[in-house]
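Each chain, letter by letter, is given below.
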Amino acid sequence: MQLLDLRVLGKGPSHPAPRKEATADRSIEDLPAPAEVCLPLVQHLGDPAVPVVKKGDLVRRGQKIAEAQGSGVPLHASVSGKVKAIDRQPHPTLVQTQAIVIARDGAAESLEFPEDPEWRSLAPAEMLERIREAGIVGLGGAAFPTHRKLALPAGVTVDTLLVNGAECEPYLTADYRLMLSEPHAIVEGAGLIARIVGVSRVLFGVESDKRDGAAALAAAARASERGDVRLEVAIVPARYPQGAERQLVTALTGRVIPPRALPYAVHVVVQNVATAAAIHDAVRYRRPLLDRIVTVTGPGIVQPRNVRAPIGTWLADLVRFCGGLTAEATRIVSGGPMMGRALPRLDVPLVKGMNGLVLLSGKGPFEEGYGPCVHCSRCLEACPLGLEPNQVSIRVEAGRATESAEFGAEECYECGACGYVCPAQRPLVQFMQLAKSALRKQRASLPAGTR
Amino acid sequence: MTESVGAGAFVVTPGPHLRAAETTPRIMWWVNAALLPTMAWGIWAFGPPALEVILAAVVGAVAGEWLATRALRRRSTIADGSAVCTGLLLALTLPPLVPWWAALIGGAFAILLGKMIFGGLGYNLFNPAMVGRAFMMASFPVAMTIGWSVPGPRNWYIRLEAITTATPLGIMREQSLSAAIHSIGGPEGWFRLLIGLRPGSIGEVSVLFIVVGAAVLLARGIINLAAPLGVFVGLALITSATGAAWLHLLSGGVWLGALFMSTDYVTSPNTRPGQFVFGVLIGLLTGLIRLWGGYPEGICFAILIANAMVPALDLWFRPRRVQAAGAPS
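My aim in this report is to walk through the structure given alongside it, one point at a time.

Reading the values: the criteria
- Residues numbered from 1 in each chain as written.
- Chains lettered and ligands numbered in written order.
- Predicted model: local features only at pLDDT ≥ 70, side-chain atom pairs only at ≥ 80, totals over all residues.
- Helix = DSSP H or I, 4+ residues; strand = E, 2+ residues; numbered from the N terminus.
- Rg over C-alpha atoms; globule rule 2.2 N^0.38 Å.
- Buried ≥ 20, exposed ≤ 12 C-beta atoms within 10 Å, placed from the backbone.
- Contact = placed C-beta atoms within 7 Å.
- Axes fitted to C-alpha atoms, helices over the stretch in contact; angles between N-to-C directions.
- Parallel < 35°, antiparallel > 145°, perpendicular 65-115°, else oblique.
- Left-handed = near helix turned anticlockwise from the far one by under 90°.
- Nonpolar A, V, L, I, M, F, W, Y, C, P; charged D, E, K, R; others polar.
- Pairing = 2+ DSSP bridges.

1. Some thoughts on the overall build of chain B
Here is step 1 of the chain: Across its full length, chain B carries 16 helices and 0 strands.
Here is step 2 of the chain: Computed over C-alpha atoms, the radius of gyration of chain B comes to 22 Å, within 12% of the 20 Å expected from 2.2 N^0.38 for 329 residues, which places it in the range of a compact globule.
Here is step 3 of the chain: Projecting the C-alpha coordinates of chain B onto the three principal axes gives extents of approximately 90 × 50 × 35 Å.
Here is step 4 of the chain: Residues counted as buried form 53% of the 329 residues belonging to chain B.

2. Comments concerning the environment of A214 of chain B
Residues and elements named next belong to chain B.
Here is step 1 of the chain: Looking at the secondary structure, you find A214 in helix α11 (residues 207-219).
Here is step 2 of the chain: Sequence separation of A214 and L250 is 36 residues, and the distance between their C-alpha atoms is 16 Å.
Here is step 3 of the chain: A214 has contacts with A34, I223, L259 and F260, leaving out every residue within four places of it along the chain.

3. Some details on the packing of helix α4 (residues 82-92) of chain B against helix α5 (residues 100-114) of chain B
All names here are of chain B.
Here is step 1 of the chain: Here α4 crosses α5 at 130°, and the two axes come no closer than 10 Å. By the angle between their directions, the pair α4 and α5 is classed as oblique. The two elements α4 and α5 meet at a crossing, and its hand is right-handed. Contacts from A83, T86, G87, L90 and A91 in α4 reach A103, G106, G107, A110 and I111 in α5.

4. Side note on the interface of chain B and chain A
Here is step 1 of the chain: The partner chain A presents 61 residues to the 37 residues of chain B that form the contact.
Here is step 2 of the chain: Residue composition of the side of chain B that touches chain A, grouped by class: 19 nonpolar, 14 polar and 4 charged.

5. Quick word on the sheet that holds strand β14 (residues 291-297) of chain A
Residues and elements named next belong to chain A.
Here is step 1 of the chain: Taken together, 6 strands build an open sheet; the order of strands is β2-β15-β14-β18-β16-β17 and the sheet is mixed. The outermost strands of the open sheet, each flanked by one partner alone, are β2 (29-30) and β17 (341-343).
Here is step 2 of the chain: In this structure, β14 lies alongside strand β15 (residues 305-310), joined through 6 bridges in antiparallel fashion. Paired with V296 across the two strands is R305, which belongs to β15.
Here is step 3 of the chain: Across the face of the sheet, helix α4 (residues 174-181) comes into contact with β14, β15 and β18 (356-361) while running at roughly 125° to β14.

This is the structure in structure tokens:
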């Protein structure tokens, strides 16, 4: 094991406290199969899946219910039962989309997924196909189809696989508990990914407040040591946004991903620990992605827990499993509280990319408006990339968003560290988004060749 | 579909959904609180006239803020504490026996033409308190130069008649450096300078109590020392030729200016290197004015001139961007 420090995150006035105490000691609990699940056809970045079942059909858990289309992935029934409806349903990010609703039938059995004895020696193309067929997307929150991320463009070479176990979002502990309970699945999954992309070096990155998680991974790595792949576990300082892809790549390899480029530009592939475990299941057992682990936590929930729940579980069922809402609950956040989205209600399904459900209390940001920039420089010290959110925000307010390029608007990946520290409660991330869209429009209007 | 749970209305706001506890009003009120020690010392040393001046300047500043927000039909911003802060800072730089009405007008002017005319908090180029003081020096030159008294309850209402007997800086200017040093006396005299037993502006005389207040802001992470250090370095550099850099560093408004005005967020540069250079500029200009300019004290104009340099300093001293080593691929 080695300790690597990330230069740019050492400074700064304040950063969000991890606040992971409520669930850090709660091992993963299985949600009893819910009475109903709602499976949106889009739970990934890409084309929506096309249903291959119809209303009234009996389906078994694990059965494919929608076929992949274009750049998308297929969808599977996460409980056994009857297709109750295929229509528009709520969606956590898209508001409403087509979804397949399944009413559980206790009598129907799940499909079996026996081990493939040849699983360690499959060809990369076969592994990629199993990953696609399993409907796997990035489980760290991005929900990008994993088979596409692992199918590198021609001419691209990578030398390092980075497995992200940093989990820097405050409150969330789902990845941490997975590292403790299933380190072997993560390590084996990482070994499979290494073979797919053809690298011999695998680096696990874990934040320093999860040393036992790192130790579990290291033990599993030693147990599965193989000649062709070198596995290392690195501890990084626990400081938001350490787990952001760009930060972790720089921390562990010293390489800096150019603005708007993907990690393979610096010969690195990054996968989240939960995705690595899912890849292991998909390749070894041909088991589709049926459940996910989600941290249900925050001051708004009675019993914070880490829950393994079928994809499509209504969030209200998750909340009920965790003892219900406290009197002070005022806000629902899907994902982590820094980069997640607020939801207006709980009759929304759990989707593949949702790693947290955080119930917060008190007023939301900007509920009482925001003040002018007083040039306190806190955002400058908080920005992990050295951008200037203050300057961007002032220009956007003045209607001169296109002048914000030199302050780094386009390089911002919206970690929210600036918005967290701003004493004027300014919506700095949203100003960045406005600046980006103005700059995008401006670029598009320029004649080709001058862009 | 599931019932009851989650039927209530939840608030949807953009992220990040967590916020640091520090807010602009909290910061401003902390600055005001940090000015209390030196203010209390000033009131003890210079008595009811000093209290009168402080109240008048604060009332003037708050009234100016109220008037401007009303005229512009904006939400009142008095509660954010910044107008009180401007009034306080202005008062602390005034001679204790300045007429109250002059302080009142100065406070209102500081806010109206130092801050609100630029668009309010955050948009002003110049330190509003210093704009107010410069305005008072131009408008009430006599009142601003004969308003001194000797500290201590027995001397509260006794006006020092001649400027030449007033402050060490005044003596240095009108007579000589050795006379100024002589006026301080031995080690006990230096101690009196540190604690604030000397004639001077209400809140500028006590280095000790200014430092106590600034230490609170430093501990809370509200200010940093880049700019103040620059002020001391700059002033020491230019006054070392006279052989009395220490006297200069301990005199006049250097400490209040360095710790409470060169650290003003709005009118100082954004990055620490920029702040340091800004401080050095203030120190150099203060020394220049004291040694060769038309006034015994120079920190007020030094700050105003350095304020004008801030936009340029912000362009020259930028945060260090994390850059990719190679060309984007």
